[in-house]
Amino acid sequence: MLHVSHLSKSFNALKAVNDVSFALNTGSILVVLGPSGCGKSTLLALIAGLIAPDEGDVLWDHESITGTPTHQRSFGLMFQDYALFPHLNVGDNVGFGLTEDRRGFQNRVGLLLERVGLKGFEKRDVQTLSGGEAQRVALARALAPRPRLLMLDEPLGALDRSLREQLTRELREILNEFNQTAIYVTHDQQEAFGVADQIAIMRDGSFVQIGSPEEIYRNPKDDFVREFLGNAKLIEGKVKGKKIESEIGEFEVGSLKLDVGDEITMLIRPEGIRKK
């Protein structure tokens, strides 16, 4: 559905996005994960049409939309600060972008509020909502017009850790239920692994590695990815017979294709350690 091809954007001498390419299928959730300032939000802005790329193209169903105005792309955006309209109640916030008749409007708003756990909140003043409730309203509003692509920029960043963990699980369930194609931007590894079908690790404007959460976790491409994900230790070893000898003991070669005398570096994570 979405194809980003060699997208680049510079601000003065800074290359904010550098030759980024990827494809995203219908119903998939791609999480763009990286440290602050690596270009994640700029990438979303380019895909949304909020800014124009210096190079590259954005395609939908194999047709370029790079010159298409933002409001004609049928994409949804959700930000960390929610951007709820203070003069509208919860129901009118959720239904702001809807074009249905009154009955259709009420049905769609009621369905979405029920799904995000806010059944009966239609008449509530948005200024009386907690942070978690405001986040749910913002999600319902983003989903209401049935966007063909939903982009979420650090949507849980303003919430405390326990609430973020809860809403991360719920968010993935809701996106899957609506078969919603989504790009989710975060610097938080726990959020990324809780939401993603695919994870793209971003650094200095470029994608360093893209793959499934398991692939990224078990096979980091380089030291940056390994260190960014954390909770891993590199151990040097040498193959001797059917064993790998290291400073912390011996390991089975198993199904690895290694030759006697090979010097290797092993990535060891806490969950891979068993006490005998």
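Everything discussed here concerns the structure shown above.
To keep things clear, this report deals only with the structure shown in the data block. These figures come from a predicted structure and were not determined experimentally.

**As for the overall build of the chain**
Within the chain one finds eight helices and 14 strands. Projected onto the principal axes, the alpha-carbon positions of the chain cover approximately 75 × 45 × 30 Å. The buried share among the 276 residues of the chain stands at 45%. Taking as baseline every contact in the chain between residues at least 6 positions apart, the subset at least 24 positions apart corresponds to 64%. Looking at the chain as shown, the accessible area adds up to about 14700 Å², and 48% of this sits on carbon and sulfur atoms. Put simply, the chain has 33 plus and 39 minus side-chain charges, and the middle of one group is 4 Å from the middle of the other.

**Here's the deal with the sheet that holds strand β6 (residues 75-79)**
Note: strands within a sheet are paired through backbone hydrogen bonds, in either parallel or antiparallel orientation. The sheet built from six strands is open, its strands ordered β6-β7-β8-β3-β9-β10 with mixed pairing. Whereas interior strands pair on both sides, the edge strands pair on one side only; in this sheet they are β6 and β10 (206-211). When the angles between neighbouring strand axes are averaged without regard to direction, this sheet yields 20°. Pairing geometry for strand β3 (residues 29-33) and strand β8 (residues 182-186), over five bridges, is parallel. By the bridge assignment for β8, V31 is matched with Y184. Sitting on the sheet, helix α1 (residues 40-48) touches β3, β6, β7 (149-153), β8, β9 (198-203) and β10, and the angle it makes with β7 is about 155°. Its contacts with the sheet place helix α4 (residues 131-143) against β6 and β7, and it is angled at close to 170° to β6.

**Some details on α4**
Helix length check: α4, at 13 residues, gives a terminal C-alpha distance of 19 Å against a target of 18 Å (1.5 Å per residue), a fit within 8%. Burial analysis of α4 places eleven of its 13 residues in the buried class, the great majority of the element. Its buried side turned inward, α4 meets β6, α2 (90-94), α3 (102-115), β7 and α5 (161-177).

**A word on the pairing of β7**
For a regular strand, side-chain orientation follows a simple rule: the groups alternate between the two sheet faces. When you tally the buried positions in β7, you get five out of five residues, the bulk of the element. Neither face of β7 is exposed, since L149, M151 and D153 on one face and L150 and L152 on the opposite face are all buried. Where β6 lies against β7, five bridges are found, and the strand directions are parallel. Its bridge partner being in β7, M78 is matched across the sheet by L152. Relative to β8, β7 runs parallel, the two sharing four bridges. Paired with D153 across the two strands is V185, which belongs to β8.

Conventions and cut-offs
Residue positions are given per chain, counting from 1 as you read along its sequence in written order. Side-chain atom pairs in this predicted model are given and counted only at pLDDT of 80 or more, local residue features only at pLDDT of at least 70, and totals for whole chains, interfaces and linings cover all residues. For the side-chain quantities, the full set of heavy atoms in the structure was used; hydrogens and water were omitted. Going along the chain from the N terminus, every DSSP run of H or I of four or more residues is numbered as a helix, and every run of E of two or more is numbered as a strand. When a residue's accessible area, from a 1.4 Å probe over protein chains only, is under 20% of the maximum for its type it is buried; when over 50% it is exposed; and in between it is partly exposed. In what follows, a contact means two residues having at least one pair of non-hydrogen atoms within 4.5 Å. Note on areas: Shrake-Rupley, 1.4 Å probe, and residue coverage restricted to the protein chains presented here. When charges are counted, Lys and Arg are positive and Asp and Glu negative, with His and the chain ends excluded. For this purpose, a charge sits on NZ of Lys, CZ of Arg, CG of Asp or CD of Glu. At least two bridges found by DSSP between two strands is the condition for calling them paired. Lines fitted to C-alpha atoms define the axes, with helix axes restricted to the stretch in contact, and inter-axis angles between N-to-C directions lie between 0 and 180 degrees. Working rule for helices: expected span equals 1.5 Å times residues minus one.

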